[in-house]
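# Summary of structural features
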Amino acid sequence: MIITKQPLSRRTLLQGAGVALSLPLLEAMMPLKASAATRTKRFFGFFYPNGTDPGRWQPATGKLTAQSLSPCLQDLAGFKAEGIWPSCEALYNYITVVNGINHEGLNTDIHTPSMALQAYTREANADASTPVAPSLDVKIAQKFKGAYPYLAMSSSTDTALTQGYISWEGKGRPADTQRDPAALFKKLFGAQQNTPAANAISQRQASVLDFIQEDCNRLKTKLGQADKQRVDEFFNSVRTLEEQLNSVAACQAVTLNGTGRDFHDKSKFFIDIGILAMACDLTNVATVQYSNSWGVNYAGYVLGDGVKDEAGTIGVGNFSDHFISHKLDDTDRAKDLDALPRATAVRIADNRVVLTSRFKVRRFAYLVDALRKTTTPTGNLYDETLALYCSENGNGDSHSRRDMPTLIAGRAGGFEPGRVINSNGARTAALHGAILNRFDFNLTTYGDPAAAPLAGI
Amino acid sequence: MIKNLLPVFIACLLLTACSGENPGASSSSSSSNSSSNSSSSTSASSSSNSSSSSSSSSGQVAGNFQLGKTQFQDKCALCHGESGEGNTQLNAPKLIGCSVCDNATALSKYIAQNMPPVGATAPKACAGDCAANVSRYIQEAFNARTAACDDSLSPSPSTFKRLSRIEYSNSIKDLLQLPQAPNVSAIPNDPSVYNFQTIANVQSVQASHISGYMAVATEQAEALMNAADRRDKIIGCEYSRTGCLESFIPRFGRLAYRRPLEAAEVERLRSFVTGQSNALRDQFVLAFQVFLTSPNFIFRVEVGNNPAGISKLNDYELASRLAFALWGQGPTGDLLDKAASGALANVEGLRKVAGDMLKDPRAKDNMTHFFEQWLATNLINAPVEKPQNWYNTIIADMQAETNTLLSEYVWQNKNFLNVLTENTTYVSASLADYYGLPRPSVAGQAVTVPSSDPRAHTGILGHAANLFAKSDGDLLAKRGNWLRSTFLCKELHLPNGIADIINGKFAGFTALEIITERNRDPSCERCHSQIDPIGLVFAPFDRSGRFDASIRMADYPIQPGLPDRPGSSVANIQDLARELAQMPEIGQCLADRLFLYTRNHVPEQGDHCAVNKASDNFRTSGNQFTALLLALVEDASFRNRVAPLPQSNEPEPEPTVVNLAQNRPVTASSAQEGNPGSRLTDNNLNVDSRWSAQTYPQQVTIDLGLVRSLVQIEAYPYEDRAYKYTVEVSRDGLSFTRLVDRSKNTQAGASLTDLFAPTEARYVRLIVTGASGYTGDWISFREIKVLGSAP
C-alpha cells in the first residue's frame with residue numbers, strides 16, 4: 001500500500017488496532033517525495049550516559065584509520081550482530097572524533113543529561129539544574145521549523161527535569177519528549193483505515209480541534225496577559241498538532257520491529273522512528289536519549305569474549321552502566337571485583353569500561369549506518385545529516401567533564417567525516433557554535449561563557 | 001523553604017581563607033550576637049514575633065524586602081548562610097532570634113556600622129539603604145512568624161495552571177463515573193521538581209498533550225456511549241430523546257468547566273455538534289471530545305474579579321481550588337452547588353465543607369499521591385539482580401506499607417510525628433518474609449515489629465519503600481540528603497562547577513578514604529558533615545532495603561548522628577527516629593511541602609504566613625495532619641490569586657560569564673620590543689599578537705579595573721608550549737593569593753583552562769617559571785582570558 005498525499009489525520013489519531021511490524025526498516029523505506037532543490041539539512045542527536053574512559057577513547061589526531069582506532073572505538077572497524085542490533089561494516093571513514101571537548105562549568109549536579117546539549121551555563125541561583133537556552137537540537141529545529149519541528153525521544157523513565165529531558169525549547173521549558181515508541185510510531189505511521197466511517201471520525205476530530213482553538217480565543221478575552229500567554233501556548237500546540245496531522249507522509253506503508261521492553265529496545269525503536277521520520281520528511285531534527293544516568297544495564301547482552309573473568313562474571317554482568325563506569329572504589333561499583341588482588345581488579349574494571357564504551361559506539365554506529373543506507377531523492381540521509389554523539393560526563397569514573405566523548409557523522413553543510421580533531425580543551429560552546437554554522441547560523445561566538453566556533457568542524 | 005544554598009557552598013570553599021587568615025577578626029561581633037541564641041530557631045523566633053512585625057509594618061525601617069533578599073544573598077549569605085543559620089567556623093552568628101534581630105532599627109544600624117567584619121573573605125559593604133533592606137529581610141524572612149501575618153498581604157503569584165496528568169485522570173474518572181482511573185498513558189507524564197508533579201510553571205502544553213487529551217476523550221466517549229447504564233446517568237436522559245442534548249450540555253459543561261456555562265457557549269457547542277453530524281450518538285461523542293479537550297477544562301481558570309494583579313476568587317473558582325487541593329480533581333456538582341449557595345463565603349463555612357471533603361475517599365487518594373511524591377516512594381524500580389525473597393508485586397506492597405501507615409495516622413488524627421517511631425506495620429505475608437518479620441495473622445492486619453528487630457520503633461524510616469535506593473549514587477550522602485530535604489526541608493545544592501573543581505581530587509581513594517576526606521577537607525566537610533552522619537545510620541540497610549548484619553557502622557571513619565538537632569545522641573536508626581520525631585521543624589517542613597503540593601508552586605515570601613499558620617495549627621492540634629491541611633485551605637490567601645507578570649519575549653541569553661580581561665591594561669616585568677604585555681588582552685589569538693619576554697621567571701599583571709567575581713582563567717601559550725606557571729589574584733594589588741598552580745605543568749596545547757570557585761579580585765598576575773618540552777628561555781603568550789561574572 002502506498003500512502004501519498006494522505007493526511008495522517010485520515011488515518012486517525014486513535015486507532016486501537018496494532019501495527020503490523022514485520023518488514024525490516026530499510027527495505028520498507030523508499031521516500032517518494034523529492035526533497036527541495038537544495039539539499040535538506042538534518043540533525044540527529046544521540047545521548048548515552050556516563051561518559052567513557054577518555055584515555056582509552058581518544059585516538060591520535062589526524063585521519064581516522066583502522067590502525068588508529070582506540071580500544072573504545074575499535075568496533076568502528078566493523079562488528080557482528082547482537083540481540084536486536086544488526087552487524088555493521090567498517091564505519092571509521094564515516095565518523096569524525098573530536099577529542100578534548102570541555103563541558104565544565106555548565107551544570108550544578110554530577111549527572112545532568114539535561115545539560116548535555118547545552119552550551120549556556122545554568123542560570124545563577126536557580127533552584128534546579130535546568131537550562132536557560134534552547135538545546136543544540138532544538139536551536140537547529142527552530143531555524144528550520146517544519147511540520148514536525150523536531151522529535152525529542154527519550155528512553156528515560158525518569159521525569160525529573162535533570163534526568164528525563166535532554167531537549168529544551170528555552171529557559172526552563174523542556175521540549176515535547178516522547179517516551180513510548182510504539183505510540184509514537186502509531187501516531188506517525190499508524191495503519192490507515194481508509195473507510196468512510198474512519199474518515200468521518202478523523203474529520204470530526206479535526207473539527208473539534210478547530211472548535212477548541214476558538215475556545216482559546218474566547219477564553220483569552222477574560223484573562224490577564226500572563227494567563228493569555230499560557231492559552232497561546234495551548235493554541236499553538238493545537239495548530240502544531242493539526243500541521244502534524246495534515247502533513248503528508250511521503251513514504252510507502254512502513255512497518256518497524258520494536259518493543260518498549262528495555263532501554264535498548266526502546267532506543268533502537270526510537271532511532272528507527274527518527275530515521276523513518278526523516279526519510280518521510282516528517283522532521284529534520286531528532287534526538288534520542290538512550291537512558292538516564294542510572295537506568296541502562298546490559299542484562300541479556302554478552303559484552304566481550306564471553307569468557308568468565310577472575311570474578312566469575314562474563315563481560316559486565318548485569319551491573320548498570322553507571323556502576324561499571326565507576327570502576328573500583330566508588331560506592332556505586334561492581335562489587336564482584338572487591339575480593340580480587342588490586343592489579344587484577346583494576347585491569348578488569350578498566351576493561352569493562354572499554355566493553356561498555358564499545359557498546360555505546362556500536363549503537364551510534366547503528367544510527368550512522370542507518371543514515372547511510374537510507375536513500376533520499378537527492379542522495380541519502382547520511383549526506384544530509386549531522387549526527388552527534390554526546391554524554392553528560394567525560395570520564396564516567398571521576399565525573400570529569402573534560403575530554404567529553406564526542407563523535408560527529410554525516411556530511412550536512414559539507415562536514416568532512418573520517419578524521420580525529422583535537423579541540424585542545426575547547427568548550428562545548430565552541431563545538432556547538434561550529435555545528436550551528438554548518439546549519440547556516442554564521443555565528444562568531446556562541447554560548448556562555450561565549451566561545452568562538454571550533455575550527456575544523 | 002526550598003532554598004538555593006549556593007553562596008553557602010562558596011563559603012565552604014573559601015573556608016580556609018575565611019577562618020584561617022584572620023581567625024579573630026570577626027569574633028568580637030559574633031560573640032555579642034550569638035550569646036543570646038536559643039538552640040531552637042522555632043521557639044526563639046516565636047518569641048520575637050510581635051516586636052518584629054510591628055517594627056516592620058509600622059515603617060520604622062523603610063527597607064525593601066526584595067532588594068534586601070538580593071543584597072543579603074550577595075553580601076551576607078556567604079558567611080551567615082542562605083537561611084541565616086550562621087556558621088560557627090566562620091564566626092558568623094545565626095540570624096534567627098539573635099539579640100538585635102527583633103529590633104529593625106538596631107539591626108540596620110548594626111549592619112551599617114559593623115558589617116562586613118574586618119578580615120572577612122570577599123567583604124562587600126552594606127550601609128545606608130542596603131542595611132535597611134537587609135535588616136528588613138532578616139527580620140521577615142528569618143524572624144517573622146505568625147504574628148507578622150497580615151491578611152491583606154498578597155500571596156505570591158501563581159501560574160495559570162493546567163491539569164496535571166493525575167488531575168486529568170481523577171477528573172475524568174469522576175465526570176464519567178468510571179469504576180477505576182482511566183488509561184491516560186497517551187498524555188505525557190508531568191515533569192517533576194523535587195519529585196513533585198504539581199508544579200504549575202514547568203507544566204507546558206505541547207502537541208502531544210493535545211493529541212493525548214483527544215485520544216483519551218475519544219476513547220472514553222465511545223466507551224461511555226456503549227455502556228447504556230452509565231451513559232444514561234452521565235447524560236441525564238436517554239440520548240435519543242428530544243431535548244436531551246440541550247439539557248446535557250449545560251449540566252455536564254458546568255461540571256467539566258467547573259462553572260455554569262453562558263447561554264452563548266451552550267448554543268455554540270450545540271450548533272457545532274449538530275452541524276457536524278446528524279447522528280445523535282455522534283453528537284454526544286463530539287460534545288464529550290470538546291468538553292474533555294477544551295482549554296476551559298484543561299486550564300484551571302482563576303480570574304476572580306480581576307484578570308491581572310490580585311483578585312478575589314469567585315465562589316466557583318474557590319470551590320475548584322478547594323477540590324484540587326483536597327481531592328486532586330475538579331469539584332463535584334454538589335460542591336459547586338454549595339459554593340453557589342454561599343457555603344464557602346466565610347471561613348467557618350469553608351472549614352465545614354472542607355472537613356466534609358476530607359471524609360471522602362478522594363481525599364485519601366490525593367494524600368496518598370502526596371506521600372508518594374514527598375517521600376519519593378513512587379520512584380522505586382526493580383533491581384536487575386533480584387534479592388532473596390523478591391517477588392513480582394513487592395514494590396506495590398512496599399508502597400502500600402508506607403501508604404497504609406501514613407493513612408492511618410492522617411485519617412485517625414494521630415500524632416503524625418509518631419509515624420517516625422511507630423512499631424506496628426502493614427506488610428503482606430510475602431513482604432514480611434522479605435524483611436524477616438512475622439507474617440500478619442490476618443491479611444491486612446498490622447504486625448508488631450519484635451523489639452529485637454533492626455526495624456523496631458523506626459516507623460516509616462525503616463520501611464523498604466524509604467530505604468530502597470531510588471537511583472544510583474552514594475547511599476550515605478543520598479540518604480542523609482533525602483532525610484534532611486524530606487523532613488527538614490533543608491536542601492543542599494552543589495554550587496555551579498563544584499564537580500569540576502573537585503575533579504580527580506579523590507582518584508585512587510577507597511570508598512572509606514573518600515568518606516574520611518570529604519568529612520575533613522573544608523571544601524567538602526561543610527555539606528558532608530551534615531548528611532553523612534545521617535546516612536551512616538541507614539548504612540546497615542542495603543540498597544534493596546534489607547537489613548544486612550555484615551555492614552557495621554563502626555567500620556566507617558565517621559560517627560552516626562543528627563547534626564540538625566544539637567545535643568542529640570544518635571547511635572542507630574532507633575535513636576534517629578526518636579530524635580527526629582521531637583523536632584518541631586518537621587511540622588514547618590510538612591507545611592511547606594503541602595503548600596507546594598496544593599498550591600502548585602514553591603512557597604515564597606507572601607506565602608510564609610499561610611505556611612507558618614499551618615505549621616502552628618499542626619503543632620497546637622497535637623501534630624494532626626488534617627489540621628495542617630485544613631489550615632492551608634482556610635488561610636485568607638487561599639481565596640486570592642495573584643496573576644504573574646507576563647513573560648517578555650525571550651532573547652538570546654546574555655552571557656553571564658565574560659572575559660573581564662579584554663582590553664584591560666597589563667603590566668609586564670619585561671617585554672620584547674614589538675610584543676608588549678598589552679597584546680595579552682587584545683582579544684586577538686593570532687601568533688603575531690603576543691607578549692614575549694626572555695629568561696625565567698617573568699610576570700604580567702592584569703588590572704580588571706574593579707573587583708570582579710572570577711571563575712576561570714584561560715592561557716593561550718605561543719606555539720602551544722607547555723609553560724609552567726602560577727596565577728595569583730589580589731583585591732588591592734598588594735596582597736596576592738595563589739589561585740592556579742601549574743608550576744609543574746607538562747600540558748601543551750592551544751590553551752590551558754583552569755576553573756575555580758568564584759573568587760573576588762581586581763588584579764590577576766601570571767608568573768611564568770619554566771616550560772616542559774620547550775628548551776628555549778623565551779616566555780610568550782598570545783592571550784590571557786579571565787572569565788568572570790559580567791559587570
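Note that this is a predicted model, so its numbers are computed, not measured. (Residues numbered from 1 in each chain as written. Chains lettered and ligands numbered in written order. Predicted model: local features only at pLDDT ≥ 70, side-chain atom pairs only at ≥ 80, totals over all residues. Heavy atoms only, no water.)

## Remarks on the overall build of chain B
Counting its regular elements, chain B contains 31 helices and 12 strands. With 791 residues in all, chain B has 58% of them scored as buried. Pairs at least 24 apart in sequence give 73% of the contacts found in chain B among residues at least 6 apart. (Helix = DSSP H or I, 4+ residues; strand = E, 2+ residues; numbered from the N terminus. Buried < 20%, exposed > 50% of the residue type's maximum accessible area, 1.4 Å probe, protein only. Contact = heavy atoms within 4.5 Å.)

## Focus on the pattern of salt bridges
As enumerated under the stated definition, the model contains 65 salt bridges over all chains in all. Between Lys359(B) and Asp356(B) there is a salt bridge, and its shortest N-O distance comes to 3.5 Å. For Lys359(B), a relative accessible area of 67% translates into the label exposed. A salt bridge links Asp474(B) to Arg518(B); the nearest nitrogen and oxygen atoms lie 2.5 Å apart. Of the two residues, Asp474(B) sits in the loop between α23 (464-467) and α24 (475-488) while Arg518(B) sits in helix α26 (residues 511-518), which places them 44 residues apart along the sequence. Arg518(B) carries the same exposure label as Asp474(B), and that label is buried. Salt bridges sharing common partners tie together Asp75(A), Glu82(A), Arg358(A), Arg362(A) and Arg363(A). (Salt bridge = Lys/Arg side-chain N within 4 Å of Asp/Glu carboxyl O.)

## A look at the packing of aromatic side chains
Per the stated rule, a full pass over the model turns up 51 aromatic pairs over all chains. Ring plane angle 50° and centroid distance 5.8 Å describe the contact between Phe46(A) and Phe364(A), whose orientation is recorded as tilted. In this pair, Phe46(A) is assigned in strand β1 (residues 42-47) and Phe364(A) in helix α10 (residues 342-373), connecting sequence segments 318 residues apart. Phe46(A) sits in the buried class, given a relative accessible area of 0%. Relative accessible area serves as the criterion here: at 0%, Phe364(A) is assigned to the buried category. By the ring-pair criterion, three or more aromatic residues cluster together here, those being Phe196(B), Phe370(B), Phe371(B), Trp374(B), Phe416(B), Trp482(B), Phe487(B), Tyr597(B) and Phe625(B). Between the NZ or CZ atom of Arg363(A) and the centre of the ring of Phe359(A), over which it lies, the distance is 4.6 Å. Across from the ring centre of Tyr409(B), 5.1 Å away, lies the NZ or CZ of Lys414(B), which sits over that ring. (Phe/Tyr/Trp six-rings, centres within 6.5 Å; stacked < 30°, edge-to-face > 60°. Lys NZ or Arg CZ within 6 Å of the ring centre and 35° of its normal.)

## Re unusual backbone geometry
Following Asp448(A), the chain continues into Pro449(A) via a peptide bond in cis, with omega recorded as 0°. Mapped onto the elements, Pro449(A) comes out in the segment after α12 (428-438). Cis geometry is adopted by the peptide bond preceding Pro697(B), which originates at Tyr696(B) and carries an omega value of -15°. Note on placement: Pro697(B) falls in the loop between β7 (691-694) and β8 (698-717). Its identity is not glycine, yet Asn424(A) carries a phi of approximately 55°, on the positive side. With respect to the helices, strands and loops of the structure, Asn424(A) is situated in the loop between β13 (419-422) and α12. Residue Asn623(B) is not a glycine yet carries a positive backbone phi of 65°. Inspection of the secondary structure puts Asn623(B) in the loop between α30 (608-620) and α31 (625-634). Here Asn623(B) falls in the buried class, since its relative accessible area comes to 14%.

## Topic: the sheet that holds strand β4 (residues 151-154) of chain A
All names here are of chain A. Read across the open sheet, the nine strands follow the order β2-β13-β3-β12-β11-β1-β8-β4-β7; overall the sheet is mixed. Each having just a single partner strand, β2 (62-63) and β7 (177-178) make up the two edges of the open sheet. This element, α12, spans β1, β3 (95-99), β11 (385-390) and β12 (407-409) of the sheet and lies at about 165° to β11. (Pairing = 2+ DSSP bridges. Axes fitted to C-alpha atoms, helices over the stretch in contact; angles between N-to-C directions.)

## Structural notes on the interface of chain B and chain A
A common measure of how large an interface is: the accessible area buried when the components associate. Contact with chain B, which involves 91 residues of that partner, is made by 82 residues of chain A. Summed over both partners, the interface of chain B with chain A comes to about 7,200 Å²; 53% of that surface belongs to carbon and sulfur atoms. Linking chain B to chain A there are five salt bridges. Between Asp282(B) and Arg204(A) there is a salt bridge, with the nearest N and O atoms lying 3.4 Å from each other. Taken together, the links from chain B to chain A amount to 23 residue pairs in polar contact (both at pLDDT 80 or more). Taken together, the elements giving at least two residues each to the side of chain B that touches chain A come down to α11 (207-226), α14 (263-276), α15 (280-293), α16 (295-298), α24, α25 (498-501), β8 and β11 (752-772) of chain B. (Buried area = accessible area lost by both parts, 1.4 Å probe. Polar contact = N/O pair within 3.5 Å; in protein donor to acceptor, adjacent residues only side chain to side chain.)

## Some words on the confidence of the model for chain A
Low pLDDT means the predicted atomic positions in that stretch should not be read closely. Averaged over all residues, the pLDDT of chain A equals 84, while 86% of them reach at least 70. Note that pLDDT drops below 50 for residues 1-37 of chain A; the model gives that stretch 103 contacts with residues more than four away or on any other chain. (pLDDT = per-residue confidence, 0-100.)

## Some points on the pairing of β11(A)
Residue and element names in this part refer to chain A. By the criterion of burial, β11 is predominantly enclosed, with six of the six residues buried. What you see with β11 is no split at all: Thr385, Ala387 and Tyr389 on one side and Leu386, Leu388 and Cys390 on the other are buried throughout. For β1 and β11, the ladder comprises six bridges, and the chain directions are parallel. Within β11, the position partnered with Arg42 by the bridge is Thr385. Pairing between β11 and β12: three bridges, direction antiparallel. Within the sheet, the bridge partner assigned to Leu388 lies in β12 and is Ile408.

## A word on the state of the cysteines
By the definition in use, this model includes three disulfides over all chains. Here Cys489(B) is linked by a disulfide to Cys589(B), with a sulfur-sulfur distance of 2.1 Å. On the sign convention where negative is left-handed, the bridge of Cys489(B) and Cys589(B), at about 85° about the S-S bond, is right-handed. Residue Cys489(B) is found in the loop between α24 and α25, and its partner Cys589(B) is found in helix α29 (residues 585-599); the two are separated by 100 residues along the sequence. Just as Cys489(B) is buried, Cys589(B) falls in that class too. In this structure Cys390(A) is not part of a disulfide, and its nearest cysteine sulfur, from Cys72(A), lies 17 Å away. Exposure remark for Cys390(A): the relative accessible area of 7% places this residue in the buried category. (Disulfide = S-S within 2.5 Å.)

## With respect to the nonpolar core
Ranked by size, the top nonpolar core spans 78 residues in total, and within it Leu322(B), Phe370(B), Phe416(B), Leu461(B), Leu483(B), Phe487(B) and Leu580(B) carry the most contacts. Residue contributions to this core peak at eight residues, all from helix α17 (residues 315-327) of chain B. Other than its neighbours up to four places away in sequence, Leu322(B) contacts Trp327(B), Leu344(B), Leu350(B), Val353(B), Ala354(B), Met357(B), Val633(B) and Phe638(B). Core analysis: the next-biggest nonpolar cluster, separate from the first, contains 65 residues, Leu303(A), Ile324(A), Phe359(A) and Leu381(A) among them. (Core = buried A, V, L, I, M, F, W, Y, C linked by side-chain atoms within 4.5 Å.)

## Comments concerning the pairing of β4(A)
All names here are of chain A. Taking every second residue as pointing to the same face, both faces of β4 are buried, with Leu151 and Met153 on one and Ala152 and Ser154 on the other. Sheet topology note: the β4/β7 ladder contains two bridges and is parallel. Its bridge partner being in β7, Ala152 is matched across the sheet by Thr177.

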